[in-house]
Amino acid sequence: QEKRAKGNLELAWEALAEILQAAEEDLPERAELDDKDRELLEKALAFYERFAADNAADPVGGLKAAKAYQRAAKIHLKLDDHDNARDAHGKAIVILKELLAEFPDEADHRAALAQAHLSLAMSFIATGQNDGAETHSRKAIVIGSQLVADFPDHQEYRKDFSLMQDGLAGVL
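The text that follows walks through the structure, step by step, so that each part is easy to find. Remember, predicted model here, so these are calculated numbers, not experimental data. (Residues numbered from 1 in each chain as written. Predicted model: local features only at pLDDT ≥ 70, side-chain atom pairs only at ≥ 80, totals over all residues. Heavy atoms only, no water.)

## Quick word on the overall build of the protein
Counting its secondary structure elements, the protein contains 7 helices and 0 strands. The order of α-helices and β-strands along the protein, N terminus first, is α-α-α-α-α-α-α. Taken over the C-alpha trace, the protein has a radius of gyration of 16 Å; the compact-globule value for 172 residues is 16 Å, and the two agree within 12%. The C-alpha extent of the protein, read off along each of the three principal axes, is 45 × 45 × 25 Å. The long-range share in the protein, meaning contacts at least 24 apart out of those at least 6 apart in sequence, stands at 60%. Just so you have it, the protein exposes about 9700 Å², and 51% of that area is on carbon and sulfur atoms. Once the 21 positive and 33 negative side-chain charges of the protein are each reduced to a mean point, those two points are 2 Å apart. (Helix = DSSP H or I, 4+ residues; strand = E, 2+ residues; numbered from the N terminus. Rg over C-alpha atoms; globule rule 2.2 N^0.38 Å. Contact = heavy atoms within 4.5 Å. Areas by Shrake-Rupley, 256 points an atom, 1.4 Å probe, with all protein chains shown as cover. Lys, Arg positive; Asp, Glu negative; His and termini not counted. Charge placed at Lys NZ, Arg CZ, Asp CG, Glu CD.)

Have a look at this one:
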């Protein structure tokens, strides 16, 4: 029964996340958001934050919780709320570090942590806070370089590592 519940959670997460992501991507940039757009984003934000908070301590749901905080951060940025975006990125990083302490060999967790640091760095860049951007870009690069070394044929890790290097170059 627990296995079925986890499967249902996975199915619901994938379906809803796909629908919300498509809706978010169709929205105009911040300056053009109308009340209806903001309402949709705020509902999506409430879902992601609730999902993340409810699943953060679960080893199975932890990665999804971290991804939910990452999605919440992107929504905060779309709403021009950089402080809450950085807070959501930080929560994702905490969850991912805890998951890696428990599952140190899990490449997906490492990749997600590198991506979370990169996203946080980009949030700092958006507000001209280059010190924070550099710190988190460097953290992403350390993790990304190890992933590329461990999985040299994995194209996604190589592509992400290139983006991490570009992010750091942008703040130096």
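## As for the packing of aromatic side chains
With the rule as written, the count across this model stands at 3 aromatic pairs. Judged by centre distance (6.0 Å) and plane angle (40°), the ring pair of Phe-47 and Phe-51 falls under tilted. Placement of the pair is Phe-47 and Phe-51 together in helix α2 (residues 35–55), with a separation of 4 residues, close to one helical turn. An aromatic cluster is defined as three or more aromatic residues linked by ring pairs; in this entry it consists of Phe-47, Tyr-48 and Phe-51. (Phe/Tyr/Trp six-rings, centres within 6.5 Å; stacked < 30°, edge-to-face > 60°.)

## Description of helix α5 (residues 107–126)
Look at α5: 29 Å from first C-alpha to last across 20 residues, which is about the 28 Å you get at 1.5 Å a residue. Taking burial as the measure, the 20 residues of α5 include 15 buried ones, the bulk of the element. Among the residues trailing α5, Gly-128 stands out with phi positive, at a value near 75°. (Expected span 1.5 Å × (residues − 1). Buried < 20%, exposed > 50% of the residue type's maximum accessible area, 1.4 Å probe, protein only.)

## Quick look at the side chain of Lys-64
For Lys-64, the location among the structural elements is in helix α3 (residues 62–78). According to the relative accessible area criterion, Lys-64 is buried, its value standing at 16%. When neighbours within four sequence positions are excluded, Lys-64 is seen to be in contact with Glu-10, Trp-13, Glu-14 and Phe-51.

## Digging into the packing of α5 against helix α6 (residues 130–150)
Helix-helix packing is described using two parameters, namely the angle between the two axes and the distance between the axes. Their axes nearest at 8 Å, the elements α5 and α6 cross at an angle of 155°. Here α5 lies roughly antiparallel to α6, going by the angle between them. Note that α5 runs across α6; the crossing there is left-handed. Two secondary-structure elements touch here, α5 through Ala-107, Arg-110, Ala-111, Leu-113, Ala-114, His-117, Leu-118, Leu-120, Ala-121, Phe-124 and Ile-125 and α6 through Gly-132, Ala-133, His-136, Ser-137, Lys-139, Ala-140, Ile-143, Gly-144, Gln-146, Leu-147 and Asp-150. Residue classes in the contact of α5 with α6 are distributed as 13 nonpolar, 6 polar and 3 charged. (Axes fitted to C-alpha atoms, helices over the stretch in contact; angles between N-to-C directions. Parallel < 35°, antiparallel > 145°, perpendicular 65-115°, else oblique. Left-handed = near helix turned anticlockwise from the far one by under 90°. Nonpolar A, V, L, I, M, F, W, Y, C, P; charged D, E, K, R; others polar.)

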